[in-house]
Amino acid sequence: MSLALETRDLTKTFDVGKRLMRPPKAQVHAVHPTSLNVENGETLGIVGESGCGKSTLARMLVGLLPPTSGTIEIEGLSGGSSPADFGRVIQYVFQDPVSSLNPRKTIRQILEAPLIHLHGMGRTERSARIDEIFDSVSLRPEFLDRYPHEFSGGQAQRIGIARALAANARILVLDEPVSALDVSVQAQVLNLLADLKDELGLTYLFISHDLAVVEAVSDRVAVLYFGAVVEEGRAENIFASPRHPYTRLLAESAPVVGRPIGGQAQGELPDPMNPPPGCAFASRCPRATDICRTDRPELRPIEGDQRAACHHPLDP
Ligand SMILES: Nc1ncnc2c1ncn2[C@@H]1O[C@H](COP(=O)(O)OP(=O)(O)OP(=O)(O)O)[C@@H](O)[C@H]1O
């Protein structure tokens, strides 16, 4: 297998309270140094509770947000790549399908934009390609001349996926793609994503706070806590045999499809403007010792390709 995407020590810090000619009042550390690998054709699930930095990470990967430091390498792209270069290789599918589509444009116009701007296609070629894409997401051709508000959430998400396909990108960053949908519709959209992946050989980064969904769709999973990957490994191992106490807390508290991370796993996160020096999970961790409160643990191999950032990893 070859690498589709690789990040090295990627970070994002937001300045807050910044005013003209004055330094920012504070900084929010949204993503701590994060290194991820995604193979071609793989689905990497990225899971974590609200505020752990999932969307910030996703937006950096697709070029919507500049990193504060670190690197992102995506097939064939270099540091000097333009937004169009990014768009031809990696696309973002938003959580809220209806509001992510321009309300003043018809679906045809929405799908035409990437074909014109990224691929310079003429009218006839565009029309044939749009028909083909619409068919691949199982939507009827008469929908093409309607506006986004005329669609249900599930249909609108199919359109969001169609727009990403129109760019002809091989990598899709799916940011909570089914969280806004009813559970019955979620299954349809997840099946569609699985079919498209097989047919087109796509690579997915699937971001969600819903563990059961992530476990079902992912080959590998990265667990994010307070802006950092705390555990990473094959999906079948990571929840069955978690090595990081936070992953175990997640696995024990959210076994039902559609139920977000909740109960005891939804705890107080540390203050992102004043991150603790050691492990961010230490204040909630039953295994924490002094070293956890002073030294931030590195992500390190535990068994096979499972890695955990913990001074006292769990036994299998
Ligand atoms: N533009 C911004 N300015 C300041 N802080 C920000 C900004 N965007 C995000 N943050 C902060 O960065 C942290 C990570 O936010 P992010 O939205 O990436 O998390 P998330 O896991 O996607 O959460 P959710 O699922 O609730 O969207 C949070 O503490 C958030 O408040």
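Residues numbered from 1 in each chain as written. Predicted model: local features only at pLDDT ≥ 70, side-chain atom pairs only at ≥ 80, totals over all residues.

In plain terms, the rule: UniProt positions are given in the numbering used here, feature names are shortened, and annotations may be inferred rather than shown by experiment.
For the chain, the name recorded in an unreviewed UniProt entry is ATP-binding cassette domain-containing protein, with Aquicoccus porphyridii as its organism. The record held by UniProt for the chain lists under Subcellular location (unreviewed entry) the comment "Cell inner membrane". In its Sequence similarities (unreviewed entry) section, the UniProt entry covering the chain states "Belongs to the ABC transporter superfamily."

### With respect to the packing of helix H3 (residues 107-117) against helix H5 (residues 153-166)
Short version of the rule: Comment: axis = line fitted to C-alpha atoms, over the contacting stretch for helices; angle = value between 0 and 180 degrees taken between N-to-C directions. A helix here means a DSSP run of H or I that spans at least four residues, while a strand means a run of E at least two residues long, and both kinds are numbered starting from the N terminus. Should an angle fall under 35 degrees it is taken as roughly parallel, and over 145 as roughly antiparallel, whereas 65 to 115 is taken as roughly perpendicular and any remaining angle as oblique. Put simply, a crossing is left-handed when the front helix is turned counterclockwise from the back one by less than a right angle, and right-handed when it is turned clockwise. Residue pairs are scored as contacts if the distance between their C-beta atoms, which are placed from the backbone, is within 7 Å. In this classification, the charged set is Asp, Glu, Lys and Arg, the nonpolar set is Ala, Val, Leu, Ile, Met, Phe, Trp, Tyr, Cys and Pro, and all remaining amino acids, among them Gly, are polar.
Two elements in contact, H3 and H5, have axes whose closest approach is 8 Å; the angle formed by their N-to-C orientations is 25 degrees. The angle between H3 and H5 falls in the class roughly parallel. As for how H3 packs across H5, the hand of that crossing is right-handed. Together, Ile107, Ile110, Leu111, Pro114 and Leu115 of H3 and Ile159, Ala162, Arg163 and Ala166 of H5 make up the contact between the two elements. Residue classes in the contact of H3 with H5 are distributed as 8 nonpolar, no polar and 1 charged.

### Some points on the pairing of strand S5 (residues 90-93)
Cut-off, in case you're wondering: Residue burial is a threshold on neighbouring C-beta atoms within 10 Å of the residue's own C-beta, all placed from the backbone, with 20 or more meaning buried, 12 or fewer meaning exposed, and counts in between meaning partly exposed. Between any two strands, pairing holds if DSSP finds at least two bridges.
Of the two faces of S5, the one holding Ile90 and Tyr92 and the one holding Gln91 and Val93 are both buried throughout. Alignment of S5 against strand S6 (residues 171-175), held across 4 bridges, turns out to be parallel. From the neighbouring strand, tyrosine 92 faces S6, where its bridge partner is valine 173.

### Thoughts on the sheet that holds strand S7 (residues 203-208)
Overall, mixed pairing links the 8 strands, which are arranged S5-S6-S7-S3-S8-S9-S11-S10 in an open sheet. Every interior strand has two partners, whereas the edge strands, S5 and strand S10 (300-303), have only one. Each adjacent strand pair in this sheet contributes to an overall mean axis angle of 20 degrees, direction not counted. Examined bridge by bridge, S10 and strand S11 (residues 306-308) share 3 bridges and lie antiparallel to one another. Following the sheet pairing, proline 301 is matched in S11 by arginine 307. Lying over the sheet, helix H1 (residues 54-61) contacts strand S3 (43-47), S5, S6, S7 and strand S8 (220-225), oriented at roughly 155 degrees with respect to S6.

### With respect to the sheet that holds strand S2 (residues 26-39)
Spatial ordering of the open sheet is given by S2-S1-S4, a layout of 3 strands whose pairing is antiparallel. Strands with a single pairing partner mark the edges of an open sheet, and in this sheet they are S2 and strand S4 (69-74). Across this sheet, the average inter-strand angle for adjacent strands is 20 degrees, counted without regard to direction. Where strand S1 (residues 3-16) and S4 come together, 5 bridges link them in antiparallel fashion. Each bridged residue has a counterpart across the sheet, and for arginine 8 the counterpart in S4 is threonine 71.

### Observations regarding H1
Summarising burial for H1: 6 of the 8 residues are buried, a large majority. The complete set of buried residues in H1 reads Lys54, Thr56, Leu57, Ala58, Met60 and Leu61. Count one or two residues on from H1 and you reach glycine 63, which has phi positive near 85 degrees.

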